[in-house]
Amino acid sequence: MGIKIVIAGAGIGGLCAALALRKKGFDLAVYEQSAELSEVGTGLQLSPNAMHVLARLNVADEIKTLGFQPSAAVMRHYQTGTHYFSVPLGASATEKYAADYLHIHRADLHTTLYNACIEEGVSIHLGDAVLGYQLHDNGMSIEFESGTQVQADLLVGADGIKSKVQACMLGEAPAEFTGQVAWRGTVKASKLPKNLVKPKANLWVGPGQHFVSYYLRGGDLVNFVAVQERDDWRKESWNEAGDINELKSAFKGWHPEVTELLGAAESCFLWALFDRKPLNQWVDKHVALLGDACHPMLPFLAQGAAMAIEDSYALAHCLASNLPIPAALEKYQNLRLARTKGIQLGARKNAGLYHMSTPTNQAKLAVLLGLSKLGLSDALAAKQLDGIYGYNLPKDLG
C-alpha cells in the first residue's frame, strides 16, 4: 500500500497486529528487544470476542486444535467449594456467541501467530528495541537501542506495560504496583487424581487471595494462577522464578482441589501485578499504542490478550480505510477507548470482590450465595459477561 509500518514488540499483540496489517496489504517490520522469541509456560483464556478476530485472521481452527474448551466458568468459596455462580461455556458459548471459548498455552498461541506472520512475509527482527521516535513533516524517524535509525510512515507501540513508545509519546510515568502478586505454573494432568480438576474455568475466592485453574493442550496440562495480596515487593524484576513451597504455604487450608493441585506442582513463576490508570490518548499523528502499552489489564476478567487482539484488528481496519494516517489513528483510538477503559476498570473491581477485601464486597458475595441457592446467580453472571463475550468486532466493522 506504499505505507511503511514499524511495530515495536513481538508479543501476542505485536504479532497479531502484524498479521492483521499484512493481510490488509501493508508493508511492515516487527522489532523485538529479546534475542529470541519465547513465552513463559503458562496459559491464557481466549473468549469469543477474541476468537472472532482470530477466525478472520485464519488462525482460529489451528488454535482450537491446540487448546482446550471448558464446559463452564465457575466461582466457588475457597474452603467449602460452595458455588457462587456457574456460567455455561463449551457448546453453549459457541452457539450463543458464534465463536468458541478456549484455554490455550501462551507459547502455542504465540507460535501460531509467529508462523502465520512468517507465511505472510512479515519481517521480524530480534534483539533490537525501539527507544523512541521523532515526527517530521513527511513521516518519522525511529530510534533503536542498537543506535540505528529507521524512516517510516507509522509506528505501532505494542511493547508492553513498560512501553518506550508510550514514554516517548506521553512522558515517563512508571506503572504502579497494585499490592498483589500472581503465581503461575502448570502441572501435568497425569500427575493428578483423575477428575480432581474439573474441565471448567475454575475460580476459587478467599480472603486476600484467589486461585484459578483450567486445562491446556487438550487436557494434558493443568494451568494455575494464584493471586495474593502483598505489600512487600521491593525487587527490581517484575517476574521471577517463584518459591513453590511459599506458594503452597500461602494456600494452606484451602479446598482439597486447590491444595492437591499445588501439592503436585514442582515449580512456578511469580509476577508482581502492576497497573496504569486508563489513558485518554493512544495516538500521536503517525504513532499508535496497542495492548498493554496503552491499557494493561489486571487478570480478573481474563481479557488482557483478548483486548490486544481486538486492538490489532481495529487498527488494521482503520488504516485500510484510505484516510490520512493521523485521521485513521484517531478513528482507531475513538473505536477502542471506551471499551478497553470499561474492561480495565471492571477487572480492578473484581480484585476486591475476589479477595473479600471490604465489608461491601463481603456483602456482595453473601448476596451472590443467596441468589445461587435460588438458582438466580448464574443468569446474573452470564448477563454481565455478555457485553464482553458477545462483542464481534469484525462483524461490527464489516
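Details of the structure are given in the entry above.
These figures come from a predicted structure and were not determined experimentally. (Residues numbered from 1 in each chain as written. Predicted model: local features only at pLDDT ≥ 70, side-chain atom pairs only at ≥ 80, totals over all residues. Heavy atoms only, no water.)

**Student:** Tell me what's going on with the pattern of salt bridges, and back it up with residues and numbers.
**Tutor:** Taken as a whole and judged by the stated rule, the model has twelve salt bridges. A salt bridge links K23 to E120, with the shortest nitrogen-to-oxygen separation between them at 3.0 Å. Placement of the pair is K23 in helix α1 (residues 12–23) and E120 in the loop between α5 (106–119) and β7 (123–126), with a sequence separation of 97 residues. We classify K23 as partly exposed; its relative accessible area is 33%. The closest approach of N and O atoms between R336 and E310, which form a salt bridge, is 2.8 Å. On the criterion of sequence distance, the pair formed by R336 in helix α10 (residues 325–354) and E310 in helix α9 (residues 304–319) is long-range, its members being 26 residues apart. (Salt bridge = Lys/Arg side-chain N within 4 Å of Asp/Glu carboxyl O. Helix = DSSP H or I, 4+ residues; strand = E, 2+ residues; numbered from the N terminus. Buried < 20%, exposed > 50% of the residue type's maximum accessible area, 1.4 Å probe, protein only.)

**Student:** I'd love a proper account of α1, names of residues and values included.
**Tutor:** In this model α1 runs 17 Å from its N-terminal to its C-terminal C-alpha over twelve residues, within 8% of the 16 Å that 1.5 Å per residue would give. Counting buried positions along α1 yields ten of twelve residues, so the element is predominantly enclosed. Count one or two residues on from α1 and you reach G25, which has phi positive near 95 degrees. (Expected span 1.5 Å × (residues − 1).)

**Student:** Can you explain the sheet that holds strand β9 (residues 139–144)? Please cite residues and give values.
**Tutor:** Within the open sheet, the three strands sit side by side as β8-β9-β10. Their pairing is antiparallel. Two strands bound the open sheet, and with one partner strand each, they are β8 (130–136) and β10 (149–152). Sheet twist, expressed as the average angle between the axes of neighbouring strands with direction ignored, equals 25 degrees. Note: β9 against β10, four bridges, orientation antiparallel. Across the sheet, M140 pairs through a bridge with A152, a residue of β10. (Pairing = 2+ DSSP bridges. Axes fitted to C-alpha atoms, helices over the stretch in contact; angles between N-to-C directions.)

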